[in-house]
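Structural description and commentary
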Amino acid sequence: MRNDLIIGLDIGSSFVRAVAGRQNASGKLEIIASGKANTVGHILRGEIVNINKTSAAIAEALKKISGALEGKNTDYYFSSNLSGSHINVQPYTSIKVRKNPREAVSLQEIHALIEEAKKPVLEKNPCLLHTLPIGFKVDNLPTTTDPVGQIGQKIQADFMVVTANPDKYGLLVQCLVAAESDHIKKGNVYFSPIAASTAVLSPEEKEEGVVLVDIGSGTTEISVYQNKVLVQASVLNWGGDRLTEDIRIGLNVSLENAEALKTTFGSAISKLIDINEVVMIPGIAGRKPTPVSVKNLAIILEERLKELAAKIVAEISKIGDPQSFKSGIVLCGGGAQLPDIAELFQKITDLECRVGVPMVVQNSQASEEIHDPSFATAIGLVQVYYEQLDQAIPTEEHEPTTIGDSSGDAGRSGGGKDKPGIKNIFSRVVDVLMGSNEAEGEY
C-alpha cells in the first residue's frame, strides 16, 4: 500500500480532467476527488494555442479537487500527459559486443545498455519522453524480455522510442508551471496512450495483442500492444470535433447545438433509430424551433466513424495481420461514450471490440463520471506513478516531496540538489524489461 496522494492531469482539446488518487489498504487505486475545466479553443488537435487560458483551465481543474487534499503543509505532485501529431514513436535497435561472453548478462549491464541507447536519440531530439524495451537477443538465442543470466558475445536490444517536439513540450511545461499552487507542484509528463493503457487494458490483453483507440475531441491515439509491450503507436488529427462539424453542416444547426445533439441523441448505428424520431432545436432569438431527424443524425455519425475504423485497420496492418491481435480493439476517450460505437467498430474491423472503463474504487467525494472512458487517461496517469514505485527499489531512505524540476528538459537526467525526481530517488529493477514506463518526462 502507498499513502502518497497523486494527481493525474489529462490535458485535452475539450477539457482538462483532474483526479486525485491513492492506493487503498487492498492495493486498489482509489480516486478521492475529480474535476474538469473547459479548454475548447485553447488546445487544438492536442496542441496548446493559448498559453494563458490553458494555464487557467489547469488551475481551475486543480482547484476543484483541492478541497479533498489532506493537509496544507503537504506538497502534492502530479502526472500529466502530452499528445498531438508532433509525437514520434519509432523502433530503435542497439547492439553491443560484450567484453566477456562467458559471463552471465547482469541487470546492471541491461541498465547500462538502455542508457547508452538513449544517447544517439537525444542527439537528434533532446525531448525524449520514453525508451520502452521490446526485447533482447543474446547471440542466436530466442528474443526475450529478460536476458539476465544468459551468456553470449553479442546482445541486441530493441526499443520503442517516444519523442516530442521540444517547442510543444516547452509550451506544456510553461502551462503546468503557471498553474502550480503552493501545495500542488512539479510532476512527470507521459505520452497519453501509455497512461490510458494502464487504466483500461488487462495484462492478458497486452500479452495476446490488443489495439487501444483513444478518441478525443481533437485527436485519436492508436497504440498497439503485443507480448506485453508497446509495438506501435500513432496520433491521428481526427477527433470528436470532426463529428460535431459534420453535424453542424449536415443538419444546418449551430456548433453548440451540433455538440448537444451528438452527446445527447447521437448513436453510431443508424438502423437502430426510428425514422420518425425527431428533436426540436430551439430557434435563434425567439424564432420557432427547428425539427431535426435523429436518424439523419445517426447516419452522419455512422459514416464518419466508418472512416475512422478504416484508418485504424490501416494502422494495424502496418504491423501485421489485424486478426493476429486476439484481444481486438479497446475504445476509450470521450468519443467512446457514443452509444453502439463498439458494435460499429466490430462490424467494420472484424475484430472483437469493447469500451474501456477505468476499474477504480470511487471515494464518496469523487464524481460518478470517473467510471466513463473519458477519464481513462487521467486515472491512468495516477496508476503509472504507482506502477513505477512498485517496479523500483529505494536508493535513499527519504521519500520525494516533489517530482522533477521545472528548469529541466524531457529526457535529461540533469539534477541539482533540489531535484529529488523519481529517477534520482529510485533505480529501476528487472520489471523494466517488460516494457514498463520510464520517468524520462519529468521536468
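Going by the structure above, here's the rest.
The following paragraphs examine the structure supplied in this document. If you're wondering where the values come from, they're calculated on a predicted model, not measured in any experiment.

For strand S2 (residues 15-23), the tally of buried residues reaches seven of nine residues, placing the bulk of the element in the interior. Of the strand pairs in this sheet, strand S1 (residues 6-11) and S2 are connected by six bridges, and their pairing is antiparallel. The residue bridging Gly8 from the neighbouring strand is Val19, located in S2. Relative to strand S3 (residues 29-38), S2 runs antiparallel, the two being bridged by nine bridges. Bridge pairing links Ala20 to Ala33 in S3. Remark: five residues form the turn of the hairpin made by S2 and S3, two consecutive strands paired antiparallel; Gly27 in that turn has positive phi of roughly 85°.

Residues Ile7, Leu9, Ile58 and Ile379 are the most contacted members of the largest nonpolar core, which totals 67 residues. Judged by nonpolar contacts, the second largest core, of 40 residues, contains Val211, Leu261, Ile341 and Cys353.

Turning our attention to the side chain of Ser13. Relative to the elements of secondary structure, Ser13 occurs in the loop between S1 and S2. Of the polar contacts made by the side chain of Ser13, one reaches the backbone nitrogen of Gly46; its length is 3.0 Å. Contact partners of Ser13, with chain neighbours within four places excluded, come to Thr39, Val40, Ile43, Leu44, Arg45, Gly46, Ser217 and Gly218.

Once that is clear, we can look at the sheet that holds strand S16 (residues 329-332). Spatially, five strands are ordered S13-S12-S11-S16-S17 in an open sheet, and the strand pairing comes out mixed. Each edge of the sheet is formed by a strand with only one pairing partner; in this case those strands are strand S13 (229-236) and strand S17 (353-355). Each neighbouring strand pair of the sheet contributes to a mean axis angle of 20°, computed without reference to strand direction. Pairing of strand S11 (residues 210-215) with S16, which is carried by four bridges, proceeds in the parallel orientation. Bridge assignment links Val213 to a residue of S16, and that residue is Leu331. Along the sheet, helix H4 (residues 192-200) contacts S11, strand S12 (220-226), S16 and S17; its crossing angle with S12, the most-contacted strand, is approximately 60°. Contacts from helix H8 (residues 294-317) reach S11, S12, S13 and S16, with the element oriented near 140° to S13.

Following the criterion strictly, the structure yields three aromatic pairs and no others. Geometrically, the ring pair formed by Tyr385 and Tyr386 is edge-to-face, given 5.3 Å between the ring centres and 80° between the ring planes. With relative accessibility at 1%, the residue Tyr385 sits in the buried group. Exposure remark for Tyr386: the relative accessible area of 0% places this residue in the buried category. Taken together through their ring pairs, the aromatic side chains of Tyr77, Tyr385 and Tyr386 make up a single cluster.

One pass over the structure, following the stated rule, counts 16 salt bridges. Among the ionic pairs, Arg242 bridges to Glu307, the shortest N-O distance being 3.7 Å. Taken together, the positions of Arg242 in helix H6 (residues 240-251) and Glu307 in helix H8 put the pair 65 residues apart, joining distant regions of the chain. A salt bridge links Lys318 to Glu315, with the shortest nitrogen-to-oxygen separation between them at 3.1 Å. Among the residues examined, Lys318 registers a relative accessible area of 60% and is labelled exposed.

Let us look at the sheet that holds strand S9 (residues 154-163). Pairing is antiparallel in the open sheet, where three strands are placed in the order S7-S9-S8. Of all strands in the sheet, those with a lone pairing partner are strand S7 (88-97) and strand S8 (128-138), marking the two edges. Across the sheet, the mean angle from the axis of one strand to that of its neighbour is 20°, orientation sign disregarded. As defined by bridge partners, S7 adjoins S9 across ten bridges and the pair is classed as antiparallel. Within S9, the position partnered with Ser94 by the bridge is Ala157.

Looking at where Glu205 falls in the secondary structure, it is placed in helix H5 (residues 203-208). The class of Glu205 is buried, set by a relative accessible area of 11%. Excluding anything up to four places from it in sequence, Glu205 contacts Val200, Val210, Ser327, Val330 and Arg354.

Criteria and thresholds
- Residues numbered from 1 in each chain as written.
- Predicted model: local features only at pLDDT ≥ 70, side-chain atom pairs only at ≥ 80, totals over all residues.
- Heavy atoms only, no water.
- Buried < 20%, exposed > 50% of the residue type's maximum accessible area, 1.4 Å probe, protein only.
- Helix = DSSP H or I, 4+ residues; strand = E, 2+ residues; numbered from the N terminus.
- Pairing = 2+ DSSP bridges.
- Core = buried A, V, L, I, M, F, W, Y, C linked by side-chain atoms within 4.5 Å.
- Polar contact = N/O pair within 3.5 Å; in protein donor to acceptor, adjacent residues only side chain to side chain.
- Contact = heavy atoms within 4.5 Å.
- Axes fitted to C-alpha atoms, helices over the stretch in contact; angles between N-to-C directions.
- Phe/Tyr/Trp six-rings, centres within 6.5 Å; stacked < 30°, edge-to-face > 60°.
- Salt bridge = Lys/Arg side-chain N within 4 Å of Asp/Glu carboxyl O.

Structural measurements only, silent on function.
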